[in-house]
Structures are given as C-alpha cells and as structure tokens.
Amino acid sequence: MKRLIEQRLYEWKNSINRKPLLIYGARQIGKTYSMLAFGKEHYINVVYCNFENTMDLHAIFERNLDPERIVSAISAMYNTEITKGNTLIIFDEIQACERALTSLKYFQEQANDYHIVGAGSLLGLSTNRGLYSFPVGKVDMLTMYPLTFEEFLLATGNEQLISLIKEAYINFSPFALHEKAMDLYRTYLIVGGYPAAVQKYLDTGDFNVVRVEQSLISNAYIADMAKYATPSDMIKSIEVYNSLFAQLSKDNTKFQYSVISSKARAKDYETSLAWLKAANVVLYCQRVVDGKYPLSLYEDQTSFKIYYSDVGLLTMRMSVAPNAILQPYNLSDKMRGMMAETFVAEQLVANGLSLHYWTSGNSAEVDFVVQQDGHSIPVEVKSSNNVKAKSLQTYIKKYSPKYSIRISAKNFGNENGIRSIPLYALFCIKPETE
C-alpha cells in the first residue's frame with residue numbers, strides 16, 4: 001500500500017541537515033513495510049536489523065559505540081556491504097536495545113554519512129519511562145499513523161477521486177461525486193486504517209473478516225500492556241482503554257475518572273494514561289480556556305478528551321453492525337456523532353495538527369480548535385446534514401476568527417465566514433506551515 005510518509009522519508013534522505021531518523025507509531029501501522037519499501041526504491045541496498053527477534057545484534061553494541069566498528073560488525077553479520085549514502089540501515093524495534101538507541105548520538109556526531117532509520121511500536125513508551133539514554137537533539141523524528149482516509153482512497157483505487165476532492169476544496173464548490181465519497185467514508189468507519197484490516201477488506205470484501213483482524217490488533221495492545229507495564233499499571237491501563245467508548249458517549253465528552261469506576265482518582269491513573277498516550281493507542285485533545293493564538297498558552301492541563309487512535313477499532317469494540325454504519329439513518333445521533341468526532345480527531349493528528357477543544361462554562365463547546373494562518377480556527381463536527389451550531393456562533397462572536405470550519409455530511413460551501421467541508425475532505429486541512 002502506498003503511504004504518504006514515503007514523501008517525508010524522501011525529504012529526509014535529501015536534507016542537508018539530515019540526522020539519524022526515528023519513526024514513532026503504534027503497533028501494526030506499517031512502519032516496517034514503509035521503511036523497507038522506501039529503502040528498496042531509493043537505495044542500492046538495505047540492511048534490516050530487528051532488535052526484538054535477533055538477540056545476537058545486542059552483543060554488537062555491548063563493547064563500545066564507535067560507529068565504524070558497529071557498521072563493520074553489522075556488515076559482517078549480514079554478509080552485506082554497507083556504504084555511506086548508498087545503504088539504508090534499518091534499526092527496527094530499537095527500543096529493545098538500549099545501547100542501539102544511544103548509538104544514534106555517535107552516528108550523528110561522528111559518522112552522519114550513514115543513513116539510519118530506527119523505529120519501534122513502543123518507542124515513545126520506552127523513552128518516557130526513562131530506561132533509555134535518548135539522543136536528544138541528535139535525531140530527526142517522524143510519527144506514523146494508521147492509513148488516513150486519503151491513503152485509504154489510494155488503497156481502494158480511488159486516486160482520481162482525491163484530485164477531484166482537492167479541487168473542490170480549493171474552490172469550495174459543490175462536489176459532483178459527493179455521495180460516492182460519503183459511501184467510501186462510511187466504509188472507512190468500519191475498516192479503519194490499520195494496514196492488515198485494510199488488506200483483509202481488499203482481499204475479501206467481508207467486514208466480518210475485517211472485524212476479526214481488528215480484534216487481534218486490539219488484543220495485541222493489551223498484550224503489550226502486560227509485557228511492558230507493571231501489573232498494577234497494566235490493570236489500570238486496560239480499565240482506561242475499556243472505558244473509552246463510555247467516555248465518548250457522554251453528553252460531555254471530557255475525560256472523567258468516575259466513568260472508569262466510582263473510586264477512580266487522577267493520581268492513580270496518571271501513569272496508565274501516559275502509557276496509552278506514549279504507545280499511540282489513544283489521542284489526547286486538550287482543552288483551551290481561550291480561543292486566542294497560540295493555543296499552547298491557554299491549555300488547561302486538567303481537562304482533556306481522549307479518542308481511539310483508529311475509528312475502525314472504535315466501531316469494532318462498540319460492536320456496531322457494518323450495515324448500520326453503511327446505512328446511517330438506522331443509527332442514533334449519538335453513535336454517528338461519536339464516529340465522526342473520532343474520525344476527525346485521527347485525521348487532524350495525521351495531518352500534523354495538534355488537538356484542542358474549547359468550552360465556555362457549561363453553555364458552549366467547540367469540538368476542535370486548530371491553528372492556521374496565524375489564527376485559532378474553530379472546527380465544529382456534525383455527523384449529518386443538520387448543521388445548526390450554537391456553540392460555533394458563540395465562539396465566532398467572542399473571538400472573531402479569520403474564518404470557521406464546519407465538518408459535516410453536507411457538500412462543500414462557504415457562507416458567512418464558515419467553510420463547509422465534507423467529512424471525506426478532511427485530508428485537505430493542513431498545518432499552517434503548509
């Protein structure tokens with residue numbers, strides 16, 4: 001499957017300021033596949049080192065961290081010539097070898113002509129736990145996510161549709177293939193963006209087979225909790241993870257510890273929440289007390305929302321029948337809203353945008369606020385054609401943003417400073433630097 005991260009890898013390869021690269025991301029999102037595919041296309045040869053299943057590799061890093069010695073040893077181990085600039089060296093599951101991670105510092109300082117990419121499904125967790133000497137300032141970093149809806153369109157042979165959607169977005173003109181695009185959006189709500197689940201859908205077209213694959217992925221998360229967390233933190237992490245759909249189904253979607261249990265307290269679950277965030281299992285959306293720019297100055301650290309990192313896992317764990325999603329009029333407004341908001345959260349993050357939301361007491365709440373064009377832009381999410389939004393009007397009246405965004409099932413439009421964007425066109429919203 002074509003992944004858009006490949007363009008970022010190409011830019012890294014040709015950057016004059018290139019450093020060893022670390023790719024973060026959840027389990028089974030395609031990091032290894034993308035690294036290998038990129039290496040095959042852009043290098044003469046690739047040396048793939050997996051520190052989780054090749055324990056002999058660890059011994060290479062136990063003596064000293066001299067880059068030339070390490071490269072020579074790896075070259076001998078794999079019987080492959082490694083040349084600067086022509087060989088891509090992949091350190092997969094690098095969190096399993098502390099000294100391999102530390103060695104990146106010395107590669108950057110002493111042998112930066114070697115092209116090295118490291119990745120790990122629990123890399124963020126491992127470094128945050130303080131078990132590893134992280135090469136601060138000595139590495140480039142990218143975060144990879146499940147397939148976005150744009151990548152899903154590529155995988156399903158709808159590349160031309162992407163171009164047409166982008167054209168409609170630029171002009172904010174009604175899109176002739178709106179219903180087709182909405183049908184594909186609803187399919188994505190079922191399948192999600194995990195490559196294995198998408199491949200099952202492409203191979204079989206059977207949503208039941210897709211659900212089995214998603215269940216395996218979800219169970220792998222729980223297995224990781226047992227492997228890397230303490231028994232106490234593991235139990236709490238599972239409790240938090242299992243409470244997500246209940247958190248999102250409330251009228252007030254702010255994360256509340258009481259939903260986990262009546263006796264749950266913040267101090268008891270902080271580590272478990274941090275584990276889920278660092279493992280990229282969940283997405284955080286921080287409340288801002290003011291809709292001014294920049295948003296980071298106005299974050300309320302005590303109030304946040306949490307979303308599944310993949311909407312397909314949400315619909316699987318909620319046991320929502322695929323046919324009900326494909327024919328959404330059979331679903332409650334609450335369920336449709338939950339799916340739409342989760343979808344928007346994961347797509348915004350994958351686009352490189354930070355997640356924030358805004359509230360005004362108990363009277364108004366804007367689902368998301370993003371930074372674009374030097375402004376804080378409100379983003380209201382509606383799952384249907386009903387786009388009445390009192391909260392959005394409250395925000396506009398208070399802060400007079402340059403423009404506002406409404407994400408819904410309606411076609412493109414631009415009226416009274418509100419840009420109407422269909423759910424399927426979310427990939428068009430880019431960070432302000434672009």
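Thresholds, definitions, all that
- Residues numbered from 1 in each chain as written.
- Predicted model: local features only at pLDDT ≥ 70, side-chain atom pairs only at ≥ 80, totals over all residues.
- Heavy atoms only, no water.
- Pairing = 2+ DSSP bridges.
- Helix = DSSP H or I, 4+ residues; strand = E, 2+ residues; numbered from the N terminus.
- Axes fitted to C-alpha atoms, helices over the stretch in contact; angles between N-to-C directions.
- Contact = heavy atoms within 4.5 Å.
- Parallel < 35°, antiparallel > 145°, perpendicular 65-115°, else oblique.
- Left-handed = near helix turned anticlockwise from the far one by under 90°.
- Nonpolar A, V, L, I, M, F, W, Y, C, P; charged D, E, K, R; others polar.

Draft legend 1. Here's a closer look at the sheet that holds strand β7 (residues 299–308). Taken in spatial order, the four strands make up an open sheet running β7-β6-β8-β9, and their pairing is mixed. Where the open sheet ends on each side, the last strands, each with one partner, are β7 and β9 (364–366). Shown here is a sheet whose adjacent strand axes are inclined to one another by a mean of 30°, direction ignored. Two strands pair when backbone bridges link them, and strand β6 (residues 282–288) and β7 are joined in this way by seven bridges, in the antiparallel orientation. When the sheet's bridge partners are listed, Cys285 is paired in β7 with Lys305.

Draft legend 2. View of the environment of Pro322. In this fold, Pro322 is placed in helix α17 (residues 322–326). Considering only alpha carbons, one finds Pro322 and Phe207, 115 residues apart in sequence, at a separation of 6.9 Å. Those residues in contact with Pro322 that lie beyond four places of it in its chain are Ile190 and Phe207.

Draft legend 3. Representation of the packing of helix α1 (residues 5–13) against helix α2 (residues 31–42) in the model. Following both chains from N to C, one finds α1 and α2 inclined at 55°, their axes separated by 10 Å at the closest point. Considering their axes alone, α1 and α2 lie oblique with respect to each other. Relative to α2, the crossing made by α1 is right-handed. Residues Ile5, Glu6, Leu9, Tyr10 and Lys13 of α1 pack against Ser34, Ala37, Phe38 and His42 of α2. A class-by-class count of the residues in the contact of α1 with α2 yields five nonpolar, two polar and two charged.

Draft legend 4. The arrangement of the sheet that holds strand β3 (residues 87–92) in detail. Pairing is parallel across the open sheet formed by five strands, whose spatial order is β2-β3-β4-β1-β5. Because the sheet does not close on itself, it has two edges, and the strands there are β2 (45–50) and β5 (140–143). Here the average twist between neighbouring strands, direction ignored, is 20°. Bridging between β3 and strand β4 (residues 115–120) involves five bridges; their strand directions are parallel. Bridging across to β4, Ile89 finds its partner in Ile116. Sheet strands touched by helix α4 (residues 67–78): β2 and β3. Its angle to β2, the strand with the most contacts, is close to 95°.

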